[in-house]
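# Residue-level structure breakdown
What follows is each chain in one-letter form.
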Amino acid sequence: MEQHSEAFLDNASKALKNGEQAQRRDRITSLASQIRAAAVERFEEFDGLKHHIKKIRQHSLDNLDYYLSQFEKEAVHNGSQVHFARNSEDLNSLVLDICQQHDARRVAKGKSIVTEETGLNSFLQSAGLSVMETDLGEYIIQQAGETSSHIVSPALHKSANEIRELFQQKHDLGARELRETSDLVVEARDVLREHFLQAEVGIIGANALIAENGYSMLVTNEGNGDLCANLPRVLIICTTIDRVLPLAEDATAMSRLLARSATGQLQSCYTSFYSGPRREGEIDGPLETHFVLLDNKRSNILSSDYREILECMRCGACLNHCPIYNSVGGQAYGSVHSGPIGSVLTPLLTSLEHSHLLPNACTSCGRCAAVCPAEIPLPDLLRDLRHEEGIKKLSAPRWRYGLKLHSWLARHPSIYQTLAAISIRILYQLGRKRGGFSKLPFASGWTSQRDFPVPQERTFTQLYKAKMKQSNER
Amino acid sequence: MSGSARSEIFAHLREAGRGESEENIQRERLSLGSASAPAPPATEICQAFILNVLKNQGSVACVNNRAEAVQAIAHYLYPHFHNYRLVTGNDPRLAAMPWRDAGVLPRFGSLEAGEPVALSFARLGVVETGAAVTWTSKANPAANNFLPEHHIVLVDKNDLVPTMEKAWERIHHALEKTGRPRGINFIAGPSSTADIEGELIYGAHGPHRWHVVLLGDVPVDAQNIARAAQRNQC
């Protein structure tokens, strides 16, 4: 999996300077958060449903070998072909083989984060295939040569103006001006409609696999995934081995949480279940349907302390509620997966050595855990990764020594309290006349955006002790 | 490659798994029961379904019988297209409808370029989500559900189910006789996107209008809700 998380701090600094993008991000994620809150409030049993799905997911992961094998059996019974991929290379080669067997030249792709993880597009393109992303957001960033900035809205970082300019460069517009957002949507629709009708292979992802009947579940609002699944003569469904749920009703029960958490809907416009080729007498649909099921370290995660991360349903709520994500945006993470979920998943799917900065992209505010419909304890997992980072000595020495010093002080409260009292007193003396500090040693990042307030003369512990002494004397 | 990959992956999973017997696994799943569904927006089933269809930005017409259904479809078609043409699958239930009485000209088959409107007969309507359920077959080409600019869906009141759990019960029962289809689709509204600056636009790839014709003995209150909404939408 390609990732550039080493550059997180530089990327974040650059992103913080782009005020227009930050404002747009803030507006859209705040709106998504409000819509989610309203949908959750209307559904009185939301917490009960969360607990139920948690149990189902745990049960599925506890017995994943059984359910995956049941899924395979049923999918084959439906006429599907099921393939297994250990890693990105396996998945990419399997998909290319299928395309080549059918002399395919054009591929229409629905949104599939799994194939972004494996870098499938560039692999197929280097073999001479034309690959077109068909989700509107994915299409925009593909045309712009950029990476996704949000799991649900990949082009969230781009303004309508930027998208208009992009289409002016890439499309033959003639006299059309594309003034309104709806004009931009129609333009993309027309271009992509042609591609849907010409593509020989459709590739989609899956939100779940159903063991009892061998179907995949795909949840979309645009319907592009359904066009990919129904129009080309070959369908390839790429997903990961951990997506299996026991029953069809488990998948739709999960979609209740997913739709409300992502977009506040009762159900996304299209919730579709696919398995097998066109049946006898049908006039449309693929002649072959393939499932390519990727492991890519997930079976290792399953036996690790991080297994709960596999219960993620990719709703994006943790991104929308994360102060770090909202400040720096998804592209700063340098990985397919961004936000709190990405900061846990990226180190596990690649290596902590290359992405140890990401688990530090956290203020431990806990909002991600509070809104996660899969009840994943994201702040705890991030803390555990930071702990591993410390043990492996991956962070800069000044951070490690600083934390060691802090840890020593925290274990010696009397020295801590004395030093705190002295430094607070000094800060008070220095600052009481001017009311705040515009510059402070070791805190230039903090003071670059706002003044540091002048503390009270005495610390809380000093005041508490004084008060206790007073009441004892009485 | 896939064969050895399969054995390797399953070996890892077996190591990580609990190694329970099939019987124990199934018993455990059974003991977990079913999920809770949201309360419907109204106690009467038609009213609740209509309210959720409207919430999904669909429009609704209520009709008592097939003759009225054809009339309602004609009333929908003319203002939008100035003609009475539509495409529909080779569904015997649709072929038997009195199309000529209302002057509607159906073409039976799969939607082709230049044809803006298709009609499907839903297998089920799900009250909880305001969704129509269809599945692929000779009688229901997938293109008719996903490619038109306007998608009209006929839903029989007798096919309304309260929740998605009940929908699966009905689907599994129906498929016991026919075998499993290639695709099962729960459709809840016109195709939409908010990928450009969060602005919600209908008709991203598929239909930008979604019209439900609810067929059967629909209570007057429910009919009034549908009518009032239609007046507002007009």
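Rules used in this analysis
- All residue numbers refer to positions counted from 1 along the written sequence of the respective chain.
- As they are written, the chains are lettered A onward and the ligands numbered 1 onward, keeping that order.
- Restriction of local features to residues with pLDDT of at least 70 applies here, the model being predicted, together with a cutoff of 80 or more for giving and counting side-chain atom pairs; totals for whole chains, interfaces and linings are based on all residues.
- In computing side-chain values, all of the structure's heavy atoms are included and hydrogens and water are not.
- Burial status follows relative accessibility: with a 1.4 Å probe on protein chains alone, a residue under 20% of its type maximum counts as buried, one over 50% as exposed, and anything between as partly exposed.
- Secondary structure elements follow DSSP: runs of H or I of four or more residues count as helices, runs of E of two or more count as strands, with numbering from the N terminus.
- Criterion used throughout: strands pair if DSSP finds at least two bridges between them.
- Only Phe, Tyr and Trp rings are paired, with Trp represented by its six-membered ring, and only when their centres lie within 6.5 Å; those with planes under 30 degrees apart are stacked, over 60 edge-to-face, the remainder tilted.
- Sitting over a ring, as applied to charges here, requires NZ of Lys or CZ of Arg to be within 6 Å of the ring centre and within 35 degrees of the ring normal.
- One less than the number of residues in a helix, times 1.5 Å, gives the span that helix is expected to have.
- Should any heavy atoms of two residues lie within 4.5 Å, those residues are considered in contact.
- Pairs of N or O atoms are called polar contacts if they sit within 3.5 Å, as long as, within protein, a hydrogen donor faces a hydrogen acceptor (for residues adjacent in sequence, only side-chain-to-side-chain pairs).
- Think of each axis as a best-fit line through the C-alpha atoms, taken over the contacting stretch in the case of a helix, with angles from 0 to 180 degrees between the N-to-C directions.
- Joining two parts hides part of their accessible area as seen by a 1.4 Å probe, and the buried area is that hidden amount summed over both.
- Only one rule defines a salt bridge in this text: a Lys or Arg side-chain nitrogen within 4 Å of an Asp or Glu carboxyl oxygen.
- In this document the domain limits rely on a domain assignment from an automatic tool or a database.

## Let's talk about the pairing of strand 7 (residues 234-240) of chain A
Residues and elements named next belong to chain A. Summarising burial for strand 7: seven of the seven residues are buried, a large majority. Side chains Val-234, Ile-236, Cys-238 and Thr-240 project from strand 7 onto one buried face, and the interleaved Leu-235, Ile-237 and Thr-239 project onto a second face that is buried too. Here strand 4 (residues 201-204) runs beside strand 7; their pairing, made up of four bridges, is parallel. Along strand 7, the bridge assignment pairs Ile-204 with Ile-237. Strand direction decides the pairing type here: strand 7 and strand 10 (residues 288-294), joined by seven bridges, are parallel. The residue of strand 10 that forms the bridge with Val-234 is Glu-288.

## Focus: the sheet that holds strand 9 (residues 183-187) of chain B
One open sheet holds the eight strands; their spatial order is 8(A)-5(A)-6(A)-9(A)-9(B)-6(B)-5(B)-8(B), and the pairing between them is mixed. The sheet terminates laterally at strand 8 (244-245) of chain A together with strand 8 (160-161) of chain B, the two strands that pair on one side only.

## A closer look at the packing of aromatic side chains
Working definition: an aromatic ring pair is given by the centre-to-centre distance plus the angle between the planes. This model, assessed by the stated rule, comprises 13 aromatic pairs over all chains. Taking the centre distance of 5.1 Å and the plane angle of 70° together, the rings of Tyr66(A) and Tyr67(A) count as edge-to-face. Summarising the burial analysis for this pair, Tyr66(A) and Tyr67(A) share the class buried. Clustering of aromatic rings is evident, with ring pairs tying together Phe273(A), Trp168(B) and Phe186(B). Over the aromatic face of Tyr401(A) sits the side chain of Arg400(A), whose NZ or CZ is 6.0 Å from the ring centroid. Geometry around Phe10(B) places Arg6(B) over its ring, the cationic atom sitting 4.3 Å from the centre.

## What about helix 4 (residues 66-81) of chain B?
Residue and element names in this part refer to chain B. With 16 residues, helix 4 ought to run about 22 Å at 1.5 Å a step, and its terminal C-alpha atoms sit 22 Å apart, in line with that. Taken residue by residue, helix 4 has Ala-69, Val-70, Ala-72, Ile-73, Ala-74, Tyr-76, Leu-77 and Phe-81 as its buried positions. Residues of helix 4 that are buried sit in contact with strand 1 (59-63), strand 2 (85-88), strand 4 (117-121), strand 7 (150-156) and strand 12 (209-215). By the N-cap criterion, in which a side-chain oxygen at the helix start approaches the backbone nitrogen of a residue two or three places on, helix 4 is capped by Asn-65, the distance to Ala-67 being 3.2 Å. Among the residues trailing helix 4, His-82 stands out with phi positive, at a value near 55°.

## Quick word on the sheet that holds strand 12 of chain B
Residue and element names in this part refer to chain B. Across the sheet, which stays open at both edges, the six strands sit in the order 1-12-7-4-2-3 with parallel pairing between neighbours. What marks the edges here is a single partner per strand, and that holds for strand 1 and strand 3 (105-108). Recorded for the sheet is a direction-independent mean angle of 25° between the axes of neighbouring strands. In terms of strand pairing, strand 1 meets strand 12 through five bridges, oriented parallel. Within strand 12, the position partnered with Ala-61 by the bridge is Val-213.

## Topic: the interface of chain B and chain A
Residue-level contacts link 75 residues of chain B with 102 residues of chain A. Note on chain B versus chain A: buried area summed over both sides is about 7300 Å², and carbon and sulfur give 57% of it. When residues of chain B are sorted by the area they lose upon contact with chain A, Arg180(B), Arg182(B) and His205(B) head the list and together hold 13% of the total. Summed over the shared surface of chain B and chain A, the number is 10 salt bridges. Here Arg6(B) makes a salt bridge to Glu72(A), at a shortest N to O gap of 2.6 Å.

## Re the domain arrangement of chain A
Domain annotation of chain A identifies domain 1 (9-42 + 316-395), domain 2 (45-300) and domain 3 (411-473). Measuring from the centre of the C-alpha atoms in domain 2 of chain A to the corresponding centre in domain 3 of chain A gives 54 Å.

## Here's the deal with the environment of Leu154(B)
All names here are of chain B. As for its placement among the helices and strands, Leu-154 is situated in strand 7. A relative accessible area of 0% places Leu-154 in the buried class. A sequence separation of 145 residues divides Leu-154 from Ile-9, and the C-alpha atoms of the two residues are 46 Å apart. In this view, Leu-154 contacts Ala-69, Leu-94, Met-97, Leu-119, Ser-120, Phe-121, Ala-122 and Val-213; residues no more than four positions away in its chain are not counted.

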